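# Examination of the molecular architecture
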Amino acid sequence: MKNLFYLITICLLSSCVSSKLQKTLEQGSTLQEKFKTTIPFEYRQGIIVLKVEIENVIYDFALDTGASNILSQELVDKLNLKPLGSENVLDIHSESQNLKYTKLDQVRINGIDFVNTIAAITDYNKVAVLSCLGVDGFIGANLMRHAVWDFDFDNQMITITNNEDQLNIPSNYSESKLFIGFAGLASIITEVNGEKSLNNVIDFGNNGLIKLSPITFIKQRKKNKITKLAKARGYEGVGIYGSGKERTFYKAKIDNIKIGNFILEDEIVSINEKSSGNLGINFFKNYRIILNWSTKRLKMIEKKPKANNELSNFGFNPTYIDNKLFVGTLFENTKAAKLLKLGDQILFMNDKEYTHIATENFCEVIKDGYIDYSLNTITVVVLRDNKELKFELDKQTLL
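Numbers given to residues run from 1 along each chain, matching the order in which its sequence is written. Given that this is a predicted model, residues contribute local features only at a pLDDT of at least 70 and side-chain atom pairs are listed and counted only at 80 or more, while totals for whole chains, interfaces and linings are drawn from all residues. Calculation of side-chain values draws on the structure's entire complement of heavy atoms; hydrogens and water are dropped beforehand.

### Notes on the overall build of the protein
Put simply, the rule reads: In this description a helix means any DSSP run of H or I spanning at least four residues, a strand means any run of E spanning at least two, and both kinds are numbered starting from the N terminus. Only protein chains enter the accessibility calculation, which uses a 1.4 Å probe; a residue whose area is less than 20% of its type maximum is buried, one above 50% is exposed, and one in between is partly exposed. Throughout, a residue-residue contact means that at least one pair of heavy atoms, one from each residue, lies within 4.5 Å.
For the protein, the helix and strand inventory stands at eight helices and 31 strands. Relative to its 399 residues, the protein shows a buried fraction of 55%. Counting contacts in the protein only where the partners sit at least 6 residues apart, residues at least 24 apart contribute 66% of the total.

### A short note on the pairing of strand 16 (residues 195-203)
Side chains on a regular strand alternate between the two faces of the sheet. Filter applied, for reference: Two strands are counted as paired when DSSP detects at least two bridges linking them.
As judged from the five bridges shared by strand 15 (residues 186-192) and strand 16, these two strands associate in the antiparallel manner. Directly across from valine 192, in strand 16, lies its bridge partner glutamate 195. Counting the residues in the hairpin turn of strand 15 and strand 16 gives two residues, including asparagine 193, whose phi is positive at 50°. Across three bridges, strand 16 lies against strand 21 (residues 278-280) in parallel orientation. Directly across from isoleucine 202, in strand 21, lies its bridge partner leucine 279.

### Section: the packing of aromatic side chains
Which entries qualify depends on this criterion: Stacked, tilted and edge-to-face are the three classes applied to pairs of Phe, Tyr and Trp rings, where Trp contributes its six-membered ring and a pair requires centres within 6.5 Å; stacked means planes under 30 degrees apart, edge-to-face means over 60, and tilted covers the rest. Criterion for a charge above a ring: Lys NZ or Arg CZ within 6 Å of the ring centre, and within 35 degrees of the ring normal.
Enumeration according to the criterion identifies 16 aromatic pairs in this entry. Seen from their ring centres, tryptophan 149 and phenylalanine 151 are 6.4 Å apart, and the 15° between their planes marks the pair as stacked. By the burial criterion, tryptophan 149 is buried, and phenylalanine 151 matches it. In this structure an aromatic cluster arises from ring pairing among Phe114, Trp149, Phe151, Phe153, Phe204, Phe262, Phe283, Phe284 and Tyr287. Against the face of tyrosine 43 rests lysine 285, its NZ or CZ located 4.4 Å from the ring centre. When the ring centre of tyrosine 173 is taken as origin, the NZ or CZ atom of lysine 299, which lies over that ring, is 5.0 Å away.

### Some thoughts on the confidence of the model for the protein
As a reminder of what qualifies: Confidence of the predictor at the level of single residues is given by pLDDT, which spans 0 to 100.
Across the protein, the average pLDDT comes to 88, with 90% of residues at 70 or higher. Segment residues 1-17 is flagged for pLDDT under 50; beyond a separation of four residues in sequence, or across chains, it makes 85 contacts in the model.

### Here we look at the state of the cysteines
Defined as follows: Two cysteine sulfurs form a disulfide in these notes if their separation is within 2.5 Å.
Summed over the entire model, instances satisfying the criterion amount to one disulfide. Here cysteine 132 is linked by a disulfide to cysteine 363, with a sulfur-sulfur distance of 2.1 Å. Here the disulfide of cysteine 132 and cysteine 363 is left-handed, its torsion about the S-S bond being about -90°. In this pair, cysteine 132 sits in the loop between helix 3 (128-131) and strand 10 (137-140) while cysteine 363 sits in helix 8 (residues 362-367), placing the two residues 231 residues apart along the sequence.

### Points about helix 5 (residues 214-222)
Here is the rule we go by: The directions from the helix axis to the C-beta atoms form the arc being described.
Listed as buried for helix 5 are Pro214, Thr216, Phe217 and Gln220. Projection of helix 5 onto a plane perpendicular to its axis shows the buried side chains occupying an angular sector of 160°, all on one side. In helix 5, the exposed residues that point more than 90 degrees away from the buried face are Ile215, Lys219 and Lys222. Elements that come into contact with the buried residues of helix 5 comprise strand 15, strand 16, strand 17 (210-212), strand 18 (228-234), strand 19 (247-259) and strand 20 (262-272). Once helix 5 ends, the next one or two residues include asparagine 224, with phi positive near 60°.

### Quick look at the sheet that holds strand 22 (residues 287-292)
Rule in force here: An axis is simply a line fitted to the C-alpha atoms; with a helix, the fit covers only the stretch in contact. Between two such axes, the angle follows the N-to-C directions and lies from 0 to 180 degrees.
The strand order 2-12-11-22-23-13 describes an open sheet built from six strands, whose pairing is antiparallel. In the strand order of this sheet, the two ends are held by strand 2 (36-40) and strand 13 (174-177), each with one partner. Put simply, the sheet's adjacent strands are angled 15° from each other on average, direction ignored. Strand direction decides the pairing type here: strand 11 (residues 148-152) and strand 12 (residues 157-161), joined by five bridges, are antiparallel. In the sheet register, phenylalanine 151 faces strand 12, and the bridge partner there is isoleucine 158.

### Considerations on a nonpolar patch on the surface
In plain terms, the rule: The patches reported here contain residues having more than 30% relative accessible area and no salt bridge. Joining distances are 9 Å for like charges and 5 Å for nonpolar side chains (Val, Leu, Ile, Met, Phe, Trp, Tyr). In these tables, accessible area is a Shrake-Rupley quantity obtained with a 1.4 Å probe, and a residue counts as shielded only by the protein chains included in the view. Criterion for a salt bridge: a side-chain nitrogen of Lys or Arg within 4 Å of a carboxyl oxygen of Asp or Glu.
Judged by side-chain polarity, Phe179, Ile189 and Leu198 come together as a nonpolar surface patch covering roughly 240 Å² of accessible area. Assignment of secondary structure puts phenylalanine 179 in strand 14 (residues 179-180).

### Details of the pairing of strand 18
Pairing of strand 18 with strand 19, which is carried by seven bridges, proceeds in the antiparallel orientation. Note on strand 19: the bridge partner recorded for lysine 231 is tyrosine 250. Bridge analysis of strand 18 against strand 26 (residues 324-331) gives three bridges, and the strand direction is antiparallel. In the sheet register, arginine 233 faces strand 26, and the bridge partner there is leucine 330.

What follows is the structure in structure tokens.
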């Protein structure tokens, strides 16, 4: 079982940008007034990747409902696109950089032409994990909002149409109201232990499950409604600029969460002090999902209920920096937390060497994950203060 511990959430172009750019991001349309098409997709690191056509050339684009369009610097140079301006932009870790943005005159997806949408320009391929996606850009909510999107995760197919009536929707669906925010980002209200939780972003750029907002988490803890939790320190996930800063985060078990008409019991969620609430693609893969920005509705048809009510690991997670592997996360009250230290360089895990990971080999190394979670015990050799230390770690049930 692989666990890369990478949350590829790219919440780009936040609400702090200028009103001029907000208006610019709202532009766009489709050339066709009536359309319906079905297109296959593939998963890369748990993220949807599909084929798009720009200027008669086919490119691979990831799909991210939690962001606006993004273009790689390489593609911008190839297309000779000119920047329209620049803005300071936050990523999922609240890290800020000044990014340029440009206009995409036309993006064709299986015969449907999306025109005059805006895209941020960033050299995300400098972030090792994101470069392994092998994509030329990201299709974001500011483009997707101009159509209805029907996701069949079982068969890895997406149907795109202008009219939801053209879809064969069974009567047993659950419906939630979409709240459409900046750049078309859509969120819903959920209920956590019977209380409303606002602003849960529909985020297909997150290859995880459910992330609870810090506000909801704090309120629930004050009322003693969340008592089962695991606290960790380190790096959680990768944003558009990298791993961000070392932070405290939590995994918690929630008695019940209501999403639409579906109630999840004893569900494990993540909480990061700097991230808003969101629902990731690994959660939505249990359903057929229909996103309709026009009617502001999310429809969910349950396909394969799957419980996420146990957290077991070895008490740590690695992080990759400059061709080396380090201890990037430690969970409190674990054997790993007593033996390892954040920043220890990992040299071996179960005799597999990580002393130096060549850049050209990195993507192959992470494909199956660093840690074999089918095992109950692993051996880790680390370098600390120029000394090699060897530890044996057991898998522990944290929640």
